[in-house]
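Letter by letter, the chains look like this.
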Amino acid sequence: MKHDPSEAASHPDQIEAALRETQKKYRELFELSPVGIFATSSTGRALFVNPAMARILGAGSPREAVENFRDLAKDLYVDPDRRKVFLDMLREKGEVENFEYEARGLDGKHLWLSMNARTREKHADGTYIIDGFTVDITERKLAEAAIRKSEKKYRLIAENTADLISILDMNLRFTYISPATMRFRGFTVAEAMAQTLDQVLTPESMRIALEVFENEMRLEASGTADPDRARILELEEYKKDGAIIWVEASLSFLRDATGNPAEILIVSRDITERKRAEAALRESEEIFRLTYSASPDAVTISRLDDGRYMDVNEGFTRATGFSREEAIGRTALELNIWQEALDRRKMVAALRDHGFMENIETRFRRKDGGTVTALLSARVISLKGAPHVISVVRDITESKLIAEKLQQVQKFEAIGTLAGGIAHDFNNLLMGIQGRASLMSLDMEPAHPHREHIGAIEKYVLSAANLTRQLLGFARGGKYEVKPIDISELVLGTSAMFGRTKKEIRIHAKCQESPLVAEADRGQIEQVLLNMYVNAWQALPPEGGDLYLETSLVTLDEADCRPHRTAPGSYVRISITDNGSGMDDATRLRIFDPFFTTKEKSRGTGLGLASAYGIIKNHGGMITVYSEIGRGTTFNIHLPASDRSAHREFSGDAGLVKGSATILLVDDEEMILDVGKAILEKLGYRVRVCRSGQDAVQAVRDRGKEIDLVILDLIMPGMDGGQAFDRIRRIRPELSVLLSSGYAVNGQAHEILARGCDGFIQKPYTISDLSNKVRSVLDEKKNG
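We now turn to the structure provided with this report. (Residues numbered from 1 in each chain as written. Predicted model: local features only at pLDDT ≥ 70, side-chain atom pairs only at ≥ 80, totals over all residues. Heavy atoms only, no water.)

To continue, consider the overall build of the chain. On a plain count of helices and strands, the chain comes out with 26 helices and 27 strands. Across the chain, contacts joining residues at least 24 apart in sequence account for 59% of those joining residues at least 6 apart. Summing over all exposed atoms, the chain offers an accessible surface of approximately 42,900 Å²; the carbon and sulfur share of this is 53%. (Helix = DSSP H or I, 4+ residues; strand = E, 2+ residues; numbered from the N terminus. Contact = heavy atoms within 4.5 Å. Areas by Shrake-Rupley, 256 points an atom, 1.4 Å probe, with all protein chains shown as cover.)

The structure is reproduced here in structure tokens:
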């Protein structure tokens, strides 16, 4: 094949043209590229840059950039050390990819740049050319910084909020838990992250949470889920110590870029106290409902403006007799409950002024016309924005009667204290008169003209002593020698004796045959019964009537005993009924008052029933009375029953008995010492006297072996009879002591007798009484 010389000539031209075309294209790419392209010397001097690089560097043209950036390490890099890192990497590998650094533009702006570079054309002097391209990543860096700042802010919020924030993946595993878990549940973050959801929630709460999660996933699958909706649940969680807390949990989805659920965000708030408060409120409401419904008091809710009942409880229906249906919607005035319309107006005015009223005593009518005394308390409350009144009305009709009885008891006690003091002093005076009369009587012949006067004096003293005995009974100080006695036997004996003196009365006795035993002072109970018989006789017409007596064993409960301040239990009951004139209520309420009587002056002093009342109360018992005008009266006496065997009384010689022993007579009253010493000496005894308890104790200590008997006064200033007795017995346990008094308070004599005192004699006593009592005590000691 032949070679064409013309073809050979044209070939270099084509190559050159193609080269120029290629260079033109690269020049256009260099000039138009959005990526910054550069070449620098390894010394840092810029060799050339394209327009994009010039713009990145803040220069107006590539030439301006080259002229101004003579040393890139100094002029471009914000951190020169970063330039050194870049060069070290380049020398080691010959190229660097995606090297990020902070730069400073010609206009002073801070930039973030990402650079790819390589080395070429290494020279003999060790320098070389670096070329590459640069991308401005400032916006990306700012965005990343903003994201980091936002993440930091939200992490600070999450880690410092009072609520507990948790994040779970779609497999319900924890991916984040805030530090509040320590405060909520006592677990550290690490401990809580290691737990599964069923270790956090109680079984019931776990069931609820799974049910909600599955339902939400079904809605997501169906495309009907609301992406912005949060579910609020109340769940129970375990604490580290095993306790359970209540939390209010807000559940929502964190979604990925496609909008699908990626994680579950849970924000929990501890509502344990709120739940407890709600439970307490529900309990309080239930208690109020039960109290309102079951209260024995009448409780009503009415409108303040017009007084119409909105609700009433069962206590209201019981108290008034109106049904709930009859009351609701009507007023108290329409039901005719209030005694006067004025009461209602006063109440409303008081409630408007003060908002409440408490324990106002009032009276209201029942449906059947009866009247009830009550205490009214009311308070204004708001229901549905309107003022209403809640009222509580307590029936105090029975308690008012009990209060009157208690007031009567307290009045008796106060007067009794006074009566006892008077009786004590009066008995001492009577003792002096009786003693002097007895001494005179001993020295007179039976035919002496003054003998009649002495007998009259003794008779008057006896009458006065009976009067003081009534006072002492009323004062509840006359219970001395208490022994178990058969009450049926005592009733039959006293009624037979009384019947022999009042032939016009027909006595009907129905007494229990088996012994009904009560521990009592026999003489005092006899006095009570005789007072009762006399009272019945005085209520009967002159021609006579019937007296019914009955004894029985009964059991009294708290309701029976409370008004009388006695203890529930078994009692011996003595019922005394006459068919006389009876009493009205006003008289019945006063019959136990001292000196109150409806009889003529010659037929009674008014002390009999008062004395009976005091004696029975002093024995721990009670007296009740029932009476109707024209239908007679019934007294019921109740004495505490005893399971001991009854003591049998034996009558002794009532004559004058003399002796020869040495007696120590102790009393603070000079006249008692004088007359007592004279009587005892007349009876043949040797007598020493002491004017106080202290002197008596000293006398026993000094000359105790010479003394056979001590007659000891009970009521003395300083050391009283009880204290003196105890000290005498410590000095000489075998020495006989006879207690003497005109009055004993609260069973003092009985207490001393129970401690071993040998006997008791009440002032005023006759010479015969004293002689027999002294002889009895001495003989009993002698016989062992």
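All right, on to the nonpolar core then. Ranked by internal contacts, the top residues of the largest apolar core, which has 34 residues, are I525, L529, M532, I576 and I637. Breaking this core down by element, the ones donating at least two residues are α17 (487-501), β18 (517-521), α18 (522-539), β19 (545-556), β20 (569-578), α21 (608-618), β21 (622-628) and β22 (632-640). Among the elements that make up this core, the one with the highest residue count is α18 (6 residues). Sequence-distant contacts of L529, that is, excluding residues within four places in its chain, are made with L490, V491, T494, I574, I576 and I637. (Core = buried A, V, L, I, M, F, W, Y, C linked by side-chain atoms within 4.5 Å. Buried < 20%, exposed > 50% of the residue type's maximum accessible area, 1.4 Å probe, protein only.)

With mixed pairing, 5 strands are arranged side by side in an open sheet as β17-β19-β20-β22-β21. A strand with exactly one partner marks an edge of an open sheet, and here the two such strands are β17 (505-510) and β21. Across the sheet, the mean angle from the axis of one strand to that of its neighbour is 20°, orientation sign disregarded. Sheet topology places β17 next to β19; 6 bridges connect them, and they run parallel. Bridge pairing in β19 links H508 to Y548. (Pairing = 2+ DSSP bridges. Axes fitted to C-alpha atoms, helices over the stretch in contact; angles between N-to-C directions.)

Given a rise of 1.5 Å per residue, 14 residues ought to cover 20 Å, and the 20 Å separating the end C-alpha atoms of helix α5 (residues 80-93) matches this to within 8%. Listed in full, the buried residues belonging to α5 are R83, F86, L87 and L90. With its buried residues spanning 95° around the axis, α5 presents them on a single face. Exposed side of α5, more than 90 degrees from the buried face: D81, K84, E92 and K93 are the residues found there. (Expected span 1.5 Å × (residues − 1). Arc of directions from axis to C-beta.)

Here we take up the pairing of strand β26 (residues 736-741). Buried residues dominate β26, accounting for 6 of its 6 residues. Residues S736, L738 and S740 of β26 are buried on one face, and the alternating residues V737, L739 and S741, pointing to the opposite face, are buried as well. In the sheet, strand β25 (residues 709-713) pairs with β26 via 5 bridges, with the strands oriented parallel. Residue pairing for β26: I711 is matched across the bridge by L738. Of the crossover connections in this fold, the one passing from β25 over helix α24 (residues 721-731) to the parallel β26 is right-handed. Inspection of the sheet shows β26 paired to strand β27 (residues 759-762) by 4 bridges, in the parallel sense. Within β27, the position partnered with L739 by the bridge is F760. (Right-handed = clockwise from strand over helix to strand, strands pointing away.)

Moving on: the side chain of T202. When you line up the elements, T202 lands in the loop between α9 (197-200) and α10 (203-222). For T202, the contacting residues outside a window of four places in its chain are E236, Y238 and I244.

As a further point, take the side chain of T331. Mapped onto the elements, T331 comes out in the loop between α13 (324-327) and α14 (341-354). Classification of T331 by relative accessible area gives buried; the value is 10%. Separated by 3.1 Å, the side chain of T331 and the backbone nitrogen of E334 make a polar contact. Ignoring sequence-local partners within four residues, the contact set of T331 consists of D306, G307, R308 and Y309. (Polar contact = N/O pair within 3.5 Å; in protein donor to acceptor, adjacent residues only side chain to side chain.)

Counting buried positions over the 5 residues of β25 gives 5, a clear majority of the element. Burial along β25 is two-sided: L709, I711 and D713 and V710 and L712, pointing in opposite directions, are all buried. Looking at chain direction, strand β23 (residues 662-666) and β25 are connected through 4 bridges and run parallel. Residue pairing for β25: V666 is matched across the bridge by L712.

This part covers the environment of R565. With respect to the element layout, R565 can be found in the loop between α19 (558-561) and β20. Accessibility expressed as a relative area gives 46% for R565, which makes it partly exposed. Between the C-alpha atoms of R565 and K617, which are 52 residues apart in sequence, the distance is 9.3 Å.

Turning to the sheet that holds strand β3 (residues 95-104), a few remarks are in order. In spatial order, the strands read β2-β1-β5-β4-β3; together these 5 strands make up an open sheet with antiparallel pairing. Looking along the sheet, the strands with just one partner apiece sit at the ends: β2 (46-49) and β3. The sheet shows a mean angle of 30° between the axes of neighbouring strands, direction not considered. Where strand β1 (residues 36-41) and strand β5 (residues 129-136) come together, 6 bridges link them in antiparallel fashion. Counted as the bridge partner of A39 is D131 from β5. Its contacts with the sheet put α5 on β1, β3, β4 (110-120) and β5, and the angle it makes with β3 is roughly 165°.

Residues K763 and P764 are joined by a peptide bond in cis, for which omega reads -10°. Of note in this structure, N336 is not a glycine but carries a positive phi near 60°. Within the secondary structure, N336 sits in the loop between α13 and α14. Judged by relative accessible area, which is 44%, N336 ranks as partly exposed. In this model, N359 sits at a positive phi of 50°, which is unusual for a non-glycine residue. Within the secondary structure, N359 is located in strand β13 (residues 356-365).

A word on the environment of A180. Within the secondary structure layout, A180 lies in helix α7 (residues 180-185). Leave out the neighbours within four places in its chain, and A180 touches T161, A162, D163 and L164.

With respect to the element layout, S295 can be found in the loop between α11 (272-294) and β11 (298-303). Residue classification places S295 among the buried residues on the basis of a relative accessible area of 11%. The spacing of S295 and R394 is 99 residues in sequence and 9.9 Å in space, taken between C-alpha atoms. Setting aside its immediate chain neighbours within four residues, S295 contacts L290, N313, G315 and R318.

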